[in-house]
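Structural overview
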Amino acid sequence: MDYRIYDVEDESTDSEESYKENNKRKQRWMLLILSSIILIAFISLYIGNKTFDVFEITRTIFTGETSTTIGGFIWKIDIPIAIAAILSGAMLSIAGTAMQCVLRNPLASPYTLGISNAAAFGAAFSIIFLTGNMNAYSTPISAFVMAMVATGLIILLTKVTRVSSETMVLAGIAISAIFSAGMTLMQYIADPIQLSSIVTWTFGSVSHTNWKWDFVLLVVMLVAVLYFYPRRWDMNAMNAGDEVAKGLGVDTKRFLTVGMFMSAVITAFVVSKFGVISFVGLLGPHMARTIVGNDHRFLLPMSMLTGALLLLVANIIALNVALPRILPVGLLTSLIGGPTFIYMLIRRYRAS
């Protein structure tokens, strides 16, 4: 009798220790990726300034000197670009994580749901009909508005038709096709200068940023984190289905609406300024999920880290692989994300 009691206690202890060790392993992974982001960001400053001495670059980084030529390059161009890539990748990735949770579909993301293409349509509309060229204010505002319109359409379809949340990805693809067709039509009627502006914007690039916009991105990201992370247990419940989540006290309809809205706002702020950066919101969460699993206590922060790392590395490659030309980072993420999306479709089909 005593031995049985000890056996149960031993099993309980082993299970608890295993649980703690598993959590520590996930935390070590997050620390490793965070360290990699910081290290790669520092390395990018050296890669982008090959004409300057390594010691001089290091001194400029740590002194914060901006009056010299190298100081102007590093503190006014290179560091803001690196920060923009990190923040944008993290924001797109947390938006993708939230969308995949509320729609319970691993293929959901800002790009596959048509939000990015809607923003591109808004930017093209501004360039052709409002200003005649790319404008620092009207183009991002128009892109933001159309991204929110696309989100409203998705939520409205969910409310009115009552289709399954999984099916909303197909609706998002249809919405994306509609906005893409509209943008193609505007490209057809545009003059050469307008066409050049539209194409440049739709490629996606974080190079035209500054400290003010980085601060805006940081504030928006913090707002999103403050909304989603306290609801990590609700998101875990959502993974088990609506009925289970409702039984645990989660207002699933409200969470779907607000979660989609918050995800769209995050995406709209990124896309309205930097253009279409596709598939980061899809790849970041899946990279994180392979490391830490589906527990949103770890999945949310890990998704932000993997998305930040992914876009930072892609941006470094885009800036340096074809010098003196600079490739758009959206092109590289599409080249990576397209085949990955097809692989995920095949894998999902085989699993079903």
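Placed above this text is the structure.
The sections below set out a description of the structure shown in this document. All values derive from a computational prediction rather than experimental measurement.

Remarks on the overall build of the chain
Regarding its fold elements, the chain presents 14 helices and 0 strands. Reading the secondary structure of the chain in the N-to-C direction produces α-α-α-α-α-α-α-α-α-α-α-α-α-α. Put simply, the chain has 352 residues, and 49% of those count as buried. Of the contacts made within the chain by residues no fewer than 6 positions apart, 75% connect residues no fewer than 24 positions apart. Carbon and sulfur atoms make up 67% of the accessible area of the chain, which amounts to about 17,600 Å² in all.

Concerning the side chain of Arg 297
Along the chain, Arg 297 falls in helix α13 (residues 296-320). A polar side-chain atom of Arg 297 sits 2.5 Å from a polar atom in the side chain of Asp 295. With residues near it in sequence (within four places) discarded, Arg 297 still touches Tyr 19, Asn 23, Tyr 229, Arg 232 and Trp 233.

A few points about unusual backbone geometry
For residues besides glycine, phi is generally negative; the peptide bonds are generally trans as well. Of note, Arg 104 is a non-glycine position whose phi angle comes to about 50 degrees, a positive value. Relative to the assigned elements, Arg 104 resides in the loop between α3 (69-102) and α4 (115-131). What makes Arg 104 partly exposed here is its relative accessible area of 22%. Despite not being glycine, Phe 279 shows a phi value in the positive range, around 75 degrees.

Concerning the side chain of Lys 26
Inspection of the secondary structure puts Lys 26 in helix α1 (residues 2-47). Salt bridges are absent for the buried Lys 26, whose nearest opposite-charge side chain, Asp 295, sits at 5.0 Å. If we skip the residues at most four places from it in the chain, Lys 26 touches Val 292, Phe 298 and Met 302.

So, the packing of aromatic side chains
In this structure the tally under the stated criterion is 7 aromatic pairs. Ring geometry for Phe 42 versus Phe 62: centroids 6.1 Å apart, planes at 15 degrees, classification stacked. A residue pair is termed long-range when its members are at least 10 positions apart, and Phe 42 in helix α1 and Phe 62 in helix α2 (residues 54-63) qualify at 20 residues. Look at Phe 125 and Phe 129: their rings are 5.0 Å apart centre to centre, the planes differ by 45 degrees, and that puts the pair in the tilted class. Here the residue Phe 125 and the residue Phe 129 both occupy positions in helix α4, the gap between them amounting to 4 residues, near one helical turn. Residue classification places Phe 125 among the partly exposed residues on the basis of a relative accessible area of 35%. The class of Phe 129 is partly exposed, set by a relative accessible area of 46%. When the ring centre of Trp 213 is taken as reference, the NZ or CZ atom of Lys 273 above it lies at 5.6 Å.

Regarding the nonpolar core
Within the largest apolar cluster, 96 residues are counted, with the highest numbers of intra-cluster contacts made by Leu 103, Trp 201, Phe 228, Met 260, Phe 274 and Ile 277. Listed in part, the 6 residues of the second largest apolar core include Leu 45, Ile 61, Ile 70 and Ile 74.

As for the packing of α3 against helix α11 (residues 252-274)
In contact at an axis separation of 9 Å, α3 and α11 are set at 155 degrees when each is read in the N-to-C sense. Classified by the interaxial angle, the pair formed by α3 and α11 is roughly antiparallel. You can see that α3 and α11 cross each other, and the crossing is left-handed. Contact with α3, carried on its side by Ala 84, Ser 88, Met 91, Leu 92, Ile 94, Ala 95, Ala 98, Met 99 and Val 102, involves Phe 255, Leu 256, Met 260, Ser 263, Ala 264, Ile 266, Thr 267, Phe 269, Val 270 and Phe 274 of α11 and no other residues of that element. For the contact of α3 with α11, the class distribution of residues is 16 nonpolar, 3 polar and no charged.

A short note on the pattern of salt bridges
Counted under the stated rule, the structure contains 3 salt bridges. Here Arg 297 makes a salt bridge to Asp 295, at a shortest N to O gap of 2.5 Å. The burial state of Arg 297 is the same as that of Asp 295; both residues are buried.

Quick notes on the environment of Thr 112
Structurally, Thr 112 can be placed in the loop between α3 and α4. As a C-alpha pair, Thr 112 and Gly 281 span 169 residues in sequence and 9.2 Å in three-dimensional space.

Some thoughts on a nonpolar patch on the surface
A contiguous nonpolar patch, built from Phe 125, Phe 129, Leu 130, Leu 185, Tyr 188 and Ile 189 and spanning about 690 Å² of accessible area, is present on the exposed surface. The set of elements that each furnish at least two residues to the nonpolar patch consists of α4 and α6 (168-189).

Reading the values: rules and limits
- Residues numbered from 1 in each chain as written.
- Predicted model: local features only at pLDDT ≥ 70, side-chain atom pairs only at ≥ 80, totals over all residues.
- Heavy atoms only, no water.
- Helix = DSSP H or I, 4+ residues; strand = E, 2+ residues; numbered from the N terminus.
- Buried < 20%, exposed > 50% of the residue type's maximum accessible area, 1.4 Å probe, protein only.
- Contact = heavy atoms within 4.5 Å.
- Areas by Shrake-Rupley, 256 points an atom, 1.4 Å probe, with all protein chains shown as cover.
- Polar contact = N/O pair within 3.5 Å; in protein donor to acceptor, adjacent residues only side chain to side chain.
- Lys, Arg positive; Asp, Glu negative; His and termini not counted.
- Salt bridge = Lys/Arg side-chain N within 4 Å of Asp/Glu carboxyl O.
- Phe/Tyr/Trp six-rings, centres within 6.5 Å; stacked < 30°, edge-to-face > 60°.
- Lys NZ or Arg CZ within 6 Å of the ring centre and 35° of its normal.
- Core = buried A, V, L, I, M, F, W, Y, C linked by side-chain atoms within 4.5 Å.
- Axes fitted to C-alpha atoms, helices over the stretch in contact; angles between N-to-C directions.
- Parallel < 35°, antiparallel > 145°, perpendicular 65-115°, else oblique.
- Left-handed = near helix turned anticlockwise from the far one by under 90°.
- Nonpolar A, V, L, I, M, F, W, Y, C, P; charged D, E, K, R; others polar.
- Patch = residues over 30% accessible without salt bridge, like charges linked within 9 Å, V, L, I, M, F, W, Y side chains within 5 Å.

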